[in-house]
Structures are given as structure tokens and as C-alpha cells.
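Single-letter residue listing:
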Amino acid sequence: MTIRRLAALGAALVLTVGLSACTGGVSHAGGGAKLKVGIKFDEPGLGFKRGSTYAGLDVDVATYVAEQLGYRASDIQWVQAPSAQRETLISTGQVDLVVATYSITDQRKKKVSFAGPYFVAGQDLLVRSDDTSITGPESLTGKKLCSASGSTSAQKVKDKYSGVQLQEYQTYSECVAALVAGRVDAVTTDNAILAGYAAEPAYKGTLRVVGKAFSQERYGIGFRHGDVALCQKITTAITSMISSGAWQRAVDANLGPSGFRVDRTTNPPQPDPCPSESTSS
């Protein structure tokens, strides 16, 4: 074989390896490959980092799905995924999956693909326990309300409640700290998230959830846009988690301690069908 021929084969091999690396870790399970999963680090009961450990419903769902994709729990690399950065993390390949209280919306579907939902929550309000003036979204006029930048919660407030003084922080934990300090009057996001904060030892008795949900938030698993094969695999995994009882155990273990009451009319949800190859691009 000529030197020129060998050089050509070598270049082709380098190109092939490079293209394989660009496809992300999802299709390379086993052999020590890592699955990069974006979660929240500051949402008790959903996605929470304490020291070097991670816990919450999103963590358990992601771990179950990863195992169904051929990964071990030790193969998962957890990546912090603030609300405003989730689409960017996926599109730039910094994560393979996002499982971070990530509501499925038509607008987001233009940038990323989803499998799910695996849980349905509802938007609500967190207030100081001694504040009786806020009874729901209709009583927010003139109030200072905090939500996370890039979240569906913030967008809904902008769209529907123009009289509210909305302040957007990077994370909900920053909003909660502002609420406790009296810098804002309420925090809005999904009721399951708010219940977790209210039940934290540092806030117990100080904060309460109003308990008047005014939306449906369908949590999905986000990944690279148009990957139909991965959608089908994740959908199968979610369905298996629900039917096997693992989903209920995860819900009880993670949301039960906060006293949060899961809406049984919407949970467990039926995952949406994946798009066909012809409609995914």
C-alpha cells in the first residue's frame, strides 16, 4: 500500500472519530463513557446538590433513564442547568440530557427536542407565612414578584399580569433568599419546587405555598433537536419507570417529605408520542 494511500486512510479515520465525538455521549454507552445530565442544584425535592451528592425526583428519573440507555449511575456527570441556560447547554453539547423541571413548550421545541412528560406540576406562589394579602395571581398588582430568568413561570407573569413588578434572578434559591429578606413579596414557580423550599429547615414556618395553582407544567427530558431514536428510547424508559412502580417510589421519597400533594388527575402522566423522522427536522 502506498504512503499516499495510508495517509488518506489515516485522514478518513481521524474525520470519523471526530464526527463520532460530536454526536455526544448518549450513543456511546458502556466502556467508561460519561452521560452528561443537566439538573438544578438548588431545588429541594427535585434537583439538589449537597456536598458531592445529588438528590431529587429529577435525579432519580435521570438515573433510571440513564440505566435504561445502558449507563451506570457512576457514569453520569451531573451539570448545573439554570433555567436560562438549558437550551444553550443542549445545543452546544455541554450536556446530553436536561432533566431540570424543564417544562415542555412549543417555543422550546423549536430549539431542542423533548421526551415525556414524566411529571406534571402547576405554577403557584410562595409567600411569607404572615402575609395574608396575597391569595393568588390576581392579588399581585403592585407587588414585587420574583422568578428565574428564562423560566416559563416568569414568561407567564409577563404575559398575563402586567401590574406585577417582576424581578428575575438566575435561580429560584436567590428569589427565596430575597423573599425572606423582604426585598420581594412573593416567588413564583411550580408548586412542587415551592413546597420543597417551604419545607427546608431554614424556612419551615417562615414561608408557605399559597396553594392556588394557575397553570400546568409538563416536565420533559430535553436533548439535541431532532434525535428521534433517542426520543423513543427515553419515552420507553419513562413508560417503564411508571409501570414498574419505580416512578411512584421516587415521587413518594422526594416529594412526600415536603407534604406536597401530587395532582392525581394529571399524574402519572402519559408520555407524548415521539415525532416521526420526516417531521423531526
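Scoring rules and cut-offs
Residues numbered from 1 in each chain as written. Predicted model: local features only at pLDDT ≥ 70, side-chain atom pairs only at ≥ 80, totals over all residues. Heavy atoms only, no water. Helix = DSSP H or I, 4+ residues; strand = E, 2+ residues; numbered from the N terminus. Expected span 1.5 Å × (residues − 1). Buried < 20%, exposed > 50% of the residue type's maximum accessible area, 1.4 Å probe, protein only. Contact = heavy atoms within 4.5 Å. Pairing = 2+ DSSP bridges. pLDDT = per-residue confidence, 0-100. Axes fitted to C-alpha atoms, helices over the stretch in contact; angles between N-to-C directions. Parallel < 35°, antiparallel > 145°, perpendicular 65-115°, else oblique. Core = buried A, V, L, I, M, F, W, Y, C linked by side-chain atoms within 4.5 Å. Disulfide = S-S within 2.5 Å. Polar contact = N/O pair within 3.5 Å; in protein donor to acceptor, adjacent residues only side chain to side chain.

## Observations concerning helix H8 (residues 228–244)
The terminal C-alpha atoms of H8 lie 24 Å apart, and with 17 residues this matches the ideal 24 Å at 1.5 Å per residue to within 8%. Those residues of H8 not exposed but buried are Val228, Leu230, Cys231, Ile234, Thr235, Ala237, Ile238, Met241 and Ile242. Those residues of H8 that are buried are in contact with helix H2 (57–68), strand S6 (97–98), strand S7 (112–121), strand S13 (217–224) and helix H9 (246–255). Downstream of H8 by a residue or two, Gly245 has a phi angle that is positive, lying close to 95°.

## Here's the deal with the sheet that holds strand S3 (residues 47–50)
Within the open sheet, the three strands sit side by side as S2-S3-S4. Their pairing is antiparallel. A single partner strand is all that each edge strand has here, and the edge strands are strand S2 (42–43) and strand S4 (53–55).

## Side note on unusual backbone geometry
Trans peptide bonds make up most of the peptide bonds, and negative phi angles are found at most residues other than glycine. Cis peptide bonds are those with omega within 30 degrees of zero, and the linkage from Gly116 to Pro117 qualifies with 15°. The phi torsion at Thr101 lies on the positive side, around 40°, for a residue other than glycine. Locating Thr101 in the fold gives a position in the loop between S6 and helix H4 (106–109). A relative accessible area of 5% means that Thr101 is categorised as buried.

## Quick look at the confidence of the model for the protein chain
For any part of a model where pLDDT is low, the fine detail of the predicted coordinates should not be relied upon. On average, residues of the protein chain carry a pLDDT of 89, and 87% of them reach 70 or more. Note that pLDDT drops below 50 for residues 1–24; the model gives that stretch six contacts with residues more than four away or on any other chain.

## A few points about the packing of H8 against H9
The geometry of a pair of packed helices is captured by two quantities: the angle between their axes and the separation between those axes. It is at 4 Å that the axes of H8 and H9 come closest, and there the two elements cross at 75°. Comparing the axis directions of H8 and H9 gives the class roughly perpendicular. Here Met241, Ile242 and Ser244 of H8 lie close against H9, whose contacting residues are Ala246, Trp247, Arg249 and Ala250.

## A look at the nonpolar core
Ranked by size, the top nonpolar core spans 58 residues in total, and within it Leu97, Phe119, Leu126, Ile221 and Ile234 carry the most contacts. Contacts of Ile234, omitting those with residues within four sequence positions, involve Val65, Leu97, Ala115, Ile221 and Phe223.

## What about the state of the cysteines?
Overall, the coordinates contain two disulfides when judged by the stated rule. Across the disulfide, Cys146 is cross-linked to Cys175 (sulfur-sulfur distance 2.1 Å). Between Cys146 and Cys175, the disulfide has an S-S torsion of -70° and is therefore left-handed. Here Cys146, found in strand S9 (residues 144–148), pairs with Cys175, found in helix H6 (residues 172–180); they are 29 residues apart in sequence, far enough to count as distant. Between Cys231 and Cys274 runs a disulfide, and the two sulfur atoms are separated by 2.1 Å. The S-S bond linking Cys231 to Cys274 shows a torsion near -95°; that makes this disulfide left-handed. Here Cys274 lies in the segment after H9 and Cys231 lies in helix H8, a separation of 43 residues in the sequence.

## Things to note about the environment of Ser139
Mapped onto the elements, Ser139 comes out in the loop between strand S8 (123–128) and S9. In this structure the C-alpha to C-alpha distance between Ser139 and Gly163, which are 24 residues apart in sequence, comes to 9.8 Å. Residues within four places of Ser139 in sequence aside, it is in contact with Ser133 and Ile134. Within the structure, Ser139 has its side chain in polar contact with the backbone nitrogen of Thr135 (distance 2.9 Å).

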